[in-house]
Number of protein chains: 2
Amino acid sequence: MNPMTAARSPFTSPSDSPRLGLRERKKIKTRETIRAATYALIREQGYDATTIEQIAERAEVSPSTVFRYFPTKEDIVLTDEYDPLMLEELRNRPADEPWMESVRHILRLATDALMAEDPEVIRMRAHLGITVPAVRARMYESMSQTGRMLRAAIGERAGLDPDGLEVRVCAMSLVGGLMEVNMAWAENDFKDDLPAMLERALDVMEHGLPTEKP
Amino acid sequence: MNPMTAARSPFTSPSDSPRLGLRERKKIKTRETIRAATYALIREQGYDATTIEQIAERAEVSPSTVFRYFPTKEDIVLTDEYDPLMLEELRNRPADEPWMESVRHILRLATDALMAEDPEVIRMRAHLGITVPAVRARMYESMSQTGRMLRAAIGERAGLDPDGLEVRVCAMSLVGGLMEVNMAWAENDFKDDLPAMLERALDVMEHGLPTEKP
DNA sequence: CATGAAATGAGAGTAGCTCTCAAAATATTG
DNA sequence: CAATATTTTGAGAGCTACTCTCATTTCATG
């Protein structure tokens, strides 16, 4: 099985779904082919040097088709199918569990699933995030979308208005902090232990900065 | 005095600086002319409908010149000269003041200065941030730059490594939360009181979500 | 005023992205 | 199986942000 195929989703692999009709199956395959071609080309020549035309050529489709499947070039590299899954996992947590504890739990789950799939792609994305501004911008955008999704969960857990300022700030500040973990991880060439970093980050956001140690 | 001119900086107005040589003065004027033209056109026809060519035409410069002054179209609208000033203000705070208290203080200062200058431009920027994806992306980028600048200040205040994960997460989570305040403010058509919102946001980030009120 | 340096304008070129329309592939129905 | 309807694709034209180069103009300086 192609690693790219496996990378599409951490929990379930949509390409081996029950019979979907030829059309649907072909569409999924085309999507994955385009993505695989993109990753390969970027590995070979870098992000900027890789044009849509090249991607189309290697994926054996027309440039039009590439844009039909992905709205922008960045979207070919960055696709988040994780959010809804994490959200569901979050809702499945016991309602009386402390909020931050639930976050810790699903983050452990998510990182495990992620790294089990295709660590190289994960690292490549993070690396593109710190080197290519356009990719980074797209990451921030999806970060704020994640924040928006979190509102509902936070709101119902805390018994607050999901669209109230407090919940919004809480959600955004959380995902912002998590984003920074990802950046720091990539900037340090993935040498550090990601789960441990996440724990430290959550500690900071929960209890504030540690007291100074001289 | 042109309102656009005043909007360039909240603390000092660089265009009426001591004799700078004709060249320098002309450069500043051109910058402001381009920005004013851009704002005017966007007001008339919206962001996307406004092309660089139109901007150049109204500002009476060539398109090349526009790009010489601003790297991207978004940068014409969004220019942060505030960061360094806020950073300096932050350093001037007493070293034993609680960290969050300092933040509250400079935020009060910044909002006051901002709104005193040209509220319409401020609102327009925030509005573009929630309507134009490219502008929003640029805002996120400068948000993370602000976060990066904050690291040093936070680090020295807390006696921690400015590049350590804890400080990074703290900074990013803070600016993320503040960014969300700006978004919420704009989404609610600027009807709410910005300083009050900032207070509430800082409360959340300092003490967590308020206990539920049934 | 003359010489050197910097700013500008003109123009060509690239690439991402949109739109349209006809051809090809697939689904559906008699 | 044949015929028709629907979807997907490819080809190509077109727009715009953005880059680069080079000649011309504008300002600074001795």
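Residues numbered from 1 in each chain as written. Chains lettered and ligands numbered in written order. Predicted model: local features only at pLDDT ≥ 70, side-chain atom pairs only at ≥ 80, totals over all residues. Heavy atoms only, no water.

**Student:** An account of the relation of the copies chain B and chain A is requested, with residue identities and associated values reported.
**Tutor:** Comparison of the two chain copies shows a relationship of rotation about an axis with a shift along it. Superposing chain B onto chain A takes a rotation of 180° plus a shift of 0.0 Å along the axis, which leaves an RMSD of 0.1 Å. The transformation just described matches what one would write down for a two-fold rotation axis. Minimal C-alpha separation from the rotation axis in chain B is found for S173(B), amounting to 2.2 Å. Mapped onto chain A, 100% of the interface residues of chain B again fall at the interface, so both copies present the same surface. (Least-squares fit on C-alpha atoms with pLDDT ≥ 70 in both. Contact = heavy atoms within 4.5 Å.)

**Student:** Describe the protein's contact with DNA strand C, listing the residues and the values that go with them.
**Tutor:** For DNA strand C, the set of nearby residues contains 20 residues, the closest of which are K26(A), K73(A), K27(B), S62(B) and T65(B). Side-chain polar atom of Y69(B) to a phosphate oxygen of DNA strand C: 3.0 Å apart, as the coordinates give it. Residues belonging to the surface near DNA strand C are distributed by class as follows: 6 nonpolar, 8 polar and 6 charged. (Near = heavy atom within 4 Å. Polar contact = N/O pair within 3.5 Å; in protein donor to acceptor, adjacent residues only side chain to side chain. Nonpolar A, V, L, I, M, F, W, Y, C, P; charged D, E, K, R; others polar.)

**Student:** Requested: an account of empty space enclosed by the protein, with residues and values cited.
**Tutor:** Residue and element names in this part refer to chain B. According to the stated counting rule, one finds 6 cavities of 30 Å³ or more in the structure shown. Considered as a void within the structure, the largest cavity measures approximately 890 Å³ in volume. Around the largest cavity, the lining is made up of 34 residues, and of these D80, D83, M86, L114 and N182 lie nearest the centre. For the lining of the largest cavity, the secondary-structure elements that each account for two or more residues are helix 6 (82-91), helix 7 (99-117), helix 8 (119-131), helix 9 (133-158), helix 10 (165-187) and helix 11 (194-207). (1 Å grid on protein atoms, 1.4 Å probe; cavity = no way out; pocket = protein on both sides within 12 Å on 5 of 7 lines; lining within 4 Å. Points joined across faces, edges and corners; volume = space filled by probe spheres on them. Helix = DSSP H or I, 4+ residues; strand = E, 2+ residues; numbered from the N terminus.)

**Student:** Break down the nonpolar core for me, citing the residues and quoting the values.
**Tutor:** Ranked by internal contacts, the top residues of the largest apolar core, which has 102 residues, are L174(A) and L174(B). With near-sequence residues (within four places) excluded, L174(A) lies in contact with W99(A), M100(A), V103(A), L150(A), L202(A) and M205(A). With 11 residues, the next largest nonpolar core counts L41(B), A56(B), V66(B) and Y69(B) among its residues. (Core = buried A, V, L, I, M, F, W, Y, C linked by side-chain atoms within 4.5 Å. Buried < 20%, exposed > 50% of the residue type's maximum accessible area, 1.4 Å probe, protein only.)

**Student:** Tell me about the state of the cysteines, and name the residues and values.
**Tutor:** What is meant by a disulfide is a covalent connection between two cysteines, made through their sulfur atoms. Applying the stated criterion to the full structure yields 0 disulfides over all chains. Distance from the sulfur of C170(A), which forms no disulfide, to the nearest cysteine sulfur (C170(B)) is 15 Å. Judged by its relative accessible area of 14%, C170(B) falls in the buried class. (Disulfide = S-S within 2.5 Å.)

**Student:** For helix 6 of chain B, give the residues involved together with the corresponding values.
**Tutor:** All names here are of chain B. Taken as a whole, helix 6 has its buried residues at Y82, D83, M86, L87 and L90. In an axial view of helix 6, the angular spread of the buried residues amounts to 130°, which keeps them on one side of the axis. Here the buried face of helix 6 lies against helix 7, helix 8 and helix 9. (Arc of directions from axis to C-beta.)

**Student:** So what about the protein's contact with DNA strand D? Which residues, and what values?
**Tutor:** Taken together, 19 residues lie around DNA strand D, and K27(A), T65(A), L22(B), K26(B) and K73(B) are the ones closest in. In the interface set of DNA strand D, defined as its atoms within 4 Å of the protein, sugar plus phosphate atoms amount to 61%. One nitrogen or oxygen atom from the main chain of S62(A) is found 3.0 Å from a phosphate oxygen belonging to DNA strand D. Measuring from a phosphate oxygen of DNA strand D, one finds a side-chain N or O atom of T65(A) at 2.3 Å. Breaking the surface near DNA strand D down by element, the ones donating at least two residues are helix 2 (22-45) and helix 4 (63-69) of chain A together with helix 2 (22-45) of chain B. At 4 residues, helix 4 of chain A tops the list of elements feeding residues into the surface near DNA strand D. Classifying every residue of the surface near DNA strand D gives 6 nonpolar, 7 polar and 6 charged.

**Student:** Lay out unusual backbone geometry with the relevant residues and their values.
**Tutor:** Residues and elements named next belong to chain B. The backbone of D189 shows a phi angle near 60°, a positive value even though the residue is not glycine. Relative to the helices and strands, D189 resides in the loop between helix 10 and helix 11. Judged by relative accessible area, D189 falls into the exposed class, the value being 51%.

**Student:** Could you give an account of the packing of helix 10 (residues 165-187) of chain A against helix 11 of chain B, with specific residues and numbers?
**Tutor:** Contact geometry of helix 10 of chain A with helix 11 of chain B gives a least axis separation of 9 Å together with a crossing angle of 55°. In this view, helix 10 of chain A runs oblique relative to helix 11 of chain B, as classed from their interaxial angle. The two elements helix 10 of chain A and helix 11 of chain B meet at a crossing, and its hand is right-handed. Of helix 11 of chain B, the residues touching helix 10 of chain A (which contributes L165(A), E166(A), V169(A), C170(A) and S173(A)) are M197(B), R200(B), A201(B), V204(B) and M205(B). (Axes fitted to C-alpha atoms, helices over the stretch in contact; angles between N-to-C directions. Parallel < 35°, antiparallel > 145°, perpendicular 65-115°, else oblique. Left-handed = near helix turned anticlockwise from the far one by under 90°.)

**Student:** Got a sec to walk through helix 6 (residues 82-91) of chain A? Specific residues and values, please.
**Tutor:** Along helix 6 of chain A, the positions that sit buried rather than exposed are Y82(A), D83(A), L87(A) and L90(A). Lining the buried residues of helix 6 of chain A we find helix 7 (99-117), helix 8 (119-131) and helix 9 (133-158) of chain A.

**Student:** Any details on the confidence of the model for chain A? Residues and values, ideally.
**Tutor:** Put simply, chain A has an average pLDDT of 89, and 90% of its residues get 70 or more. Of the regions scoring below 50 in pLDDT, residues 1-18 of chain A engages in 34 contacts with residues more than four places distant in sequence or in other chains. (pLDDT = per-residue confidence, 0-100.)

**Student:** Would you mind going over the environment of D161(A) in detail, with residue names and values included?
**Tutor:** Residue and element names in this part refer to chain A. In this fold, D161 is placed in the loop between helix 9 and helix 10. Measuring from C-alpha to C-alpha, the distance between D161 and R151 comes to 8.8 Å, with 10 residues separating the pair along the chain. One polar contact links the side chain of D161 to the main-chain amide nitrogen of D163, over a distance of 3.0 Å.

**Student:** Before we move on, could you go through the packing of helix 9 of chain A against helix 10 of chain A and cite the residues and values that matter?
**Tutor:** Residue and element names in this part refer to chain A. Running from amino to carboxyl end, helix 9 crosses helix 10 at an angle of 140°, the nearest separation of the two axes being 8 Å. Classified by the angle their axes make, helix 9 and helix 10 are oblique. As helix 9 runs across helix 10, the sense of the crossing is right-handed. Of helix 10, the residues touching helix 9 (which contributes R136, M139, Y140, M143, S144, T146, G147, L150, R151, I154 and G155) are V167, R168, C170, A171, M172, L174, V175, G176, M179, N182 and M183. By residue class, the composition of the contact of helix 9 with helix 10 is 13 nonpolar, 6 polar and 3 charged.

**Student:** Requested: an account of the packing of aromatic side chains, with residues and values cited.
**Tutor:** All names here are of chain A. Considering all chains together, one arrives at 3 aromatic pairs over all chains under this definition. When the ring of W185 is compared with that of F190, the centres are 4.7 Å apart and the planes differ by 80°; the resulting orientation is edge-to-face. A cation over an aromatic ring shows up here: K73 above the ring of Y47, its NZ or CZ 4.4 Å from the ring centre. (Phe/Tyr/Trp six-rings, centres within 6.5 Å; stacked < 30°, edge-to-face > 60°. Lys NZ or Arg CZ within 6 Å of the ring centre and 35° of its normal.)

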